[in-house]
Amino acid sequence: MDAAIEKAWWKECAVYQIYPRSFFDSNGDGVGDLAGITQKLDYIASLGVGAVWLNPVYDSPNDDMGYDIRNYEAIMQEFGTMADFDALLNGLHARGMRLIMDLVVNHSSDEHAWFVESRKSKDNRYRDFYIWRDGKDGAEPNNWASFFTPSAWKYDAKTDQWYLHLFSEKQPDLNWRNPAVRAEVYAMMNRWFDRGVDGFRMDVINLIAKAEGLPDGAGSPSPEGYVFAPAHFADQPPVHDYLREMRRACFDGRDCMCVGETPFSSSATAFSYVDPVHRELDMVFSFDLMDIDSGKSGKWEIVPWNLDRMKSIIEDWQTALTDGWNILFCSNHDQPRPVSRFGSLKSEALRVRSAKMLGVAMHLLRGTPFLYQGEELGMTNVPFRDIFDIRDLESLNFYRLAAARGEAEAAWQAILHKGRDNARVPMQWSAEQNASFTTGTPWLMVNPNHDVINVEAAEHDPDSVLHFYRKLLRLRADSRTLLYGDFRLIEREHAQVFAYTRMLEGKTCIILCNMSEKTARLTEQRGGECILRNMNGAMQANLLEPFEARVLVSDDADFDKQRSERG
Ligand code: ISL
Ligand code: CA
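Parameters at a glance
- Counting starts from 1 at the beginning of each chain's written sequence and moves along it residue by residue.
- Ligands are numbered from 1 and chains lettered from A, in the order in which they are written.
- A pLDDT threshold of at least 70 governs which residues receive local features in this predicted model, and a stricter bar of 80 or more applies before side-chain atom pairs are shown or counted, although totals over entire chains, interfaces and linings include all residues.
- Hydrogens and water molecules were not included; the side-chain quantities draw on all heavy atoms of the structure.
- Points on a 1 Å grid over protein atoms alone make up a cavity when a 1.4 Å probe fits among them but cannot get out, and a pocket when they form an open set with protein on both sides within 12 Å along at least five of seven lines; lining residues each have an atom within 4 Å of a point.
- Grid points are joined across faces, edges and corners, and a volume is the space filled by probe spheres set on the points.
- Starting at the N terminus, helices and strands are each numbered in turn, a helix being any DSSP run of H or I of at least four residues and a strand any DSSP run of E of at least two.
- Put simply, Ala, Val, Leu, Ile, Met, Phe, Trp, Tyr, Cys and Pro go in the nonpolar bin, Asp, Glu, Lys and Arg in the charged bin, and everything else, Gly too, in the polar bin.
- Coordination here is defined by N, O and S atoms within 2.8 Å of the metal (3.2 Å for Na, K and Ca), and since water is not considered, a site can look incomplete.
- Residue exposure (1.4 Å probe, protein chains only): buried if accessible area is under 20% of the type maximum, exposed if over 50%, otherwise partly exposed.
- Every angle, taken between N-to-C directions, lies between 0 and 180 degrees, and every axis is a line fitted to C-alpha atoms, over only the stretch in contact when it is a helix.
- Roughly parallel means an angle under 35 degrees; roughly antiparallel, over 145; roughly perpendicular, 65 to 115; everything else is oblique.
- With the far helix as reference, a near helix turned anticlockwise by less than a right angle produces a left-handed crossing, and one turned clockwise produces a right-handed crossing.
- By definition, residues are in contact when any of their heavy atoms lie within 4.5 Å.
- Where each domain begins and ends follows an automated or database-derived domain assignment.
- Just to be clear on terms, a salt bridge is a Lys or Arg side-chain nitrogen sitting within 4 Å of an Asp or Glu carboxyl oxygen.
- Any N or O atom pair separated by 3.5 Å or less is treated as a polar contact, with the protein-specific requirement of one donor-capable and one acceptor-capable atom, and with residues adjacent in sequence counted only for side-chain atom pairs.
- Whether a residue is near a molecule or strand depends on its heavy atoms: it is near if one of them lies within 4 Å of it.
- Here the open area of atoms and residues is found with the Shrake-Rupley method and a 1.4 Å probe, where only the protein chains shown may cover a residue.

Peer 1: Help me understand empty space enclosed by the protein, please; the structure alone is not making it clear to me.
Peer 2: The gaps left among the atoms become clear once a water-sized probe is rolled over them. Per the stated rule, a full pass over the model turns up five cavities of 30 Å³ or more. Taken as a whole, the largest cavity holds about 150 Å³ of empty space. Residue assignment for the lining of the largest cavity shows that the elements contributing at least two residues are helix 10 (307-320) and strand 14 (327-328). The dominant element in the lining of the largest cavity, judged by the number of residues it contributes, is helix 10, at four residues. Split by residue class, the lining of the largest cavity holds 10 nonpolar, three polar and no charged.

Peer 1: Would you explain the coordination of the calcium ion (ligand 2) in this entry?
Peer 2: Where a metal carries four tetrahedral donors, each ideal angle is 109.5 degrees; where it carries six octahedral donors, the ideal angles are 90 or 180 degrees. Every protein donor of the calcium ion (ligand 2) is accounted for by Asp25 (OD), Asn27 (OD1), Asp29 (OD), Val31 (O) and Asp33 (OD), and the metal-donor separations fall at 2.2 to 2.3 Å. Counting along the primary sequence, the residues that act as donors to the calcium ion (ligand 2) give the motif D-x1-N-x1-D-x1-V-x1-D. The class for Val31 is buried, based on a relative accessible area of 7%.

Peer 1: Teacher, can you tell me more about the packing of helix 12 (residues 348-363) against helix 17 (residues 465-477) here?
Peer 2: When two helices pack together, you describe them by how their axes are tilted relative to each other and by the distance separating the axes. Where helix 12 contacts helix 17, the two axes come as close as 10 Å, and the packing angle between them is 15°. The orientation of helix 12 relative to helix 17 falls into the category roughly parallel. Of the two possible hands of crossing, helix 12 and helix 17 adopt the one that is right-handed. Along the contact surface, helix 12 presents Val352, Ala355, Lys356, Gly359, Val360 and His363, while helix 17 presents Val465, Phe468, Tyr469, Leu472 and Arg476. Class assignment of the residues belonging to the contact of helix 12 with helix 17 gives a composition of seven nonpolar, two polar and two charged.

Peer 1: What should I look at first to understand the domain arrangement of the protein in this one?
Peer 2: It is common to report an interface's size as the accessible area lost on association of the parts. Domain annotation for the protein reports domain 1 (1-103 + 327-382 + 427-477), domain 2 (385-424) and domain 3 (484-566). Taking only C-alpha atoms, the centre of domain 1 and the centre of domain 3 are 29 Å apart. Taken together, the contact pairs 27 residues of domain 1 with 25 residues of domain 3. At the junction of domain 1 with domain 3, the criterion picks out one salt bridge. Across the domain 1-domain 3 interface, the total number found is 11 residue pairs in polar contact (both at pLDDT 80 or more). When residues of the side of domain 1 that touches domain 3 are traced back to their parent elements, those giving at least two are helix 1 (9-12), helix 12 and helix 17. The residue makeup of the side of domain 1 that touches domain 3, split by class, is 14 nonpolar, three polar and 10 charged.

Peer 1: Which parts of the structure should I look at to understand the site of ligand 1?
Peer 2: Ligand 1 sits among 18 residues. The nearest are Asp64, Asp203, Lys299, His333 and Asp334. In isolation ligand 1 exposes 490 Å². Once the protein is present, 94% of that is buried. The class makeup of the residues in the shell around ligand 1 is six nonpolar, three polar and nine charged.

Spelled out as structure tokens, the structure:
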């Protein structure tokens, strides 16, 4: 092992992501809550994860489900109280798990006290906490499109100026050029650290610095005439100054995990964030894989994903971060369910097998696995009936605009495939009513397939995705090779198989995954002891059944022998 590679708890643990609104409702109001999570702590610990990441639990009017924060230091009423929070934190710590909070500081809610002040007058002391500009000839200050609405600007008649919002109108962007903003954020973070939290997952942290002068975006405009301009708002140089300042102000001297969400970043840019020399962040979320089925115009233009591209993305990130560290994930609260996207729902047997295969393909790479609630059950996308079943503002806004152009049906099909609510429906605990998520009316519909896919059934079935995930995580945690070994792509040209090796100190793990629904023949015999397989039945050395995954282990003597035998 490269002597420069440092061991760390956050490299060795797996992280379980919880969407609190949909995990478990303890009081029957239809909304998941902190006390509900606390009741499920033994389940969470049983997975073998070392940390939990909570989606935002702060006070919020929920325009974007908690990503619009009204008060960074209060708990959302529906989720409980600060005492409930402390109980959850203590419960995690008592079981040897850490807690990572979501940190949403690219923007706040428009109902945050800072913004309420800011919009009052041009000379208010909070005016420069946000990004206000004069209009241009009565129109927006520039042509930027937002993630969620046509324009990234909103006019405010009170002071006859516009404010920037890269996300919804209720999510005004904070002005990170203002040192007072930065000081407030760092102080707030430190208070959470002092309360006992173990780190942060920082929402769109690479967007906090905007290009000087806010220049117009180039490129093709949206149907409404705006240009999506990440070239001017993602990965701008001052972001590195801010993150180094944040490290000094908040992380130095603490044993914490700092994770960045960095859309648009290339692997090289990602390395600049996690480069151990400056160690601005410990690791960042890559979007390349999640964008693999998006067309030129973005996520709603759905194109078939392709294995060749998947291999190059994974190889690129694994290689570029050899001296850094990767995050391994295939699902979260913004993404459709991986088994619906990359696996198979042709039969129940294939759902189970392909969900396990995806776990092997992703979580044995070099990096820290992040599992999203329900992934360990192989939960699927949701048969929403119509737009009235949807709560996510991204999907709703997209649908509204498309419908106005007469494209409602195409938009609906895209929402069924890619809409974020696919991941946000309640966790499936049992086959009972509402999947035992709530005794009340759930805030978002429950997937009818909870009659088959649920924790209770999975606990009783030794071949369930759930038991397999436990084995998978244990295997990784117990293997220095799987934790720290080098990555190498093998079977590169194979049209069905994704395969790689992990090597360390004379041991080799070979990970073989058939990502297709047809039997696959390996280009060469792969020997070694099989230590994990996602199905039962006879095993042929050079054939993989549809969606079969195998993990083989050999010492390098065997591996070298095989290599020399084939000449
Ligand atoms: O959700 C997406 C695609 O459907 C992404 O484009 C997403 O908007 C982007 O990755 C940023 O996501 C994060 O910040 C958003 C919030 O809505 C997401 O839930 C969060 O993960 C704004 O805070
Ligand atoms: Ca509740």
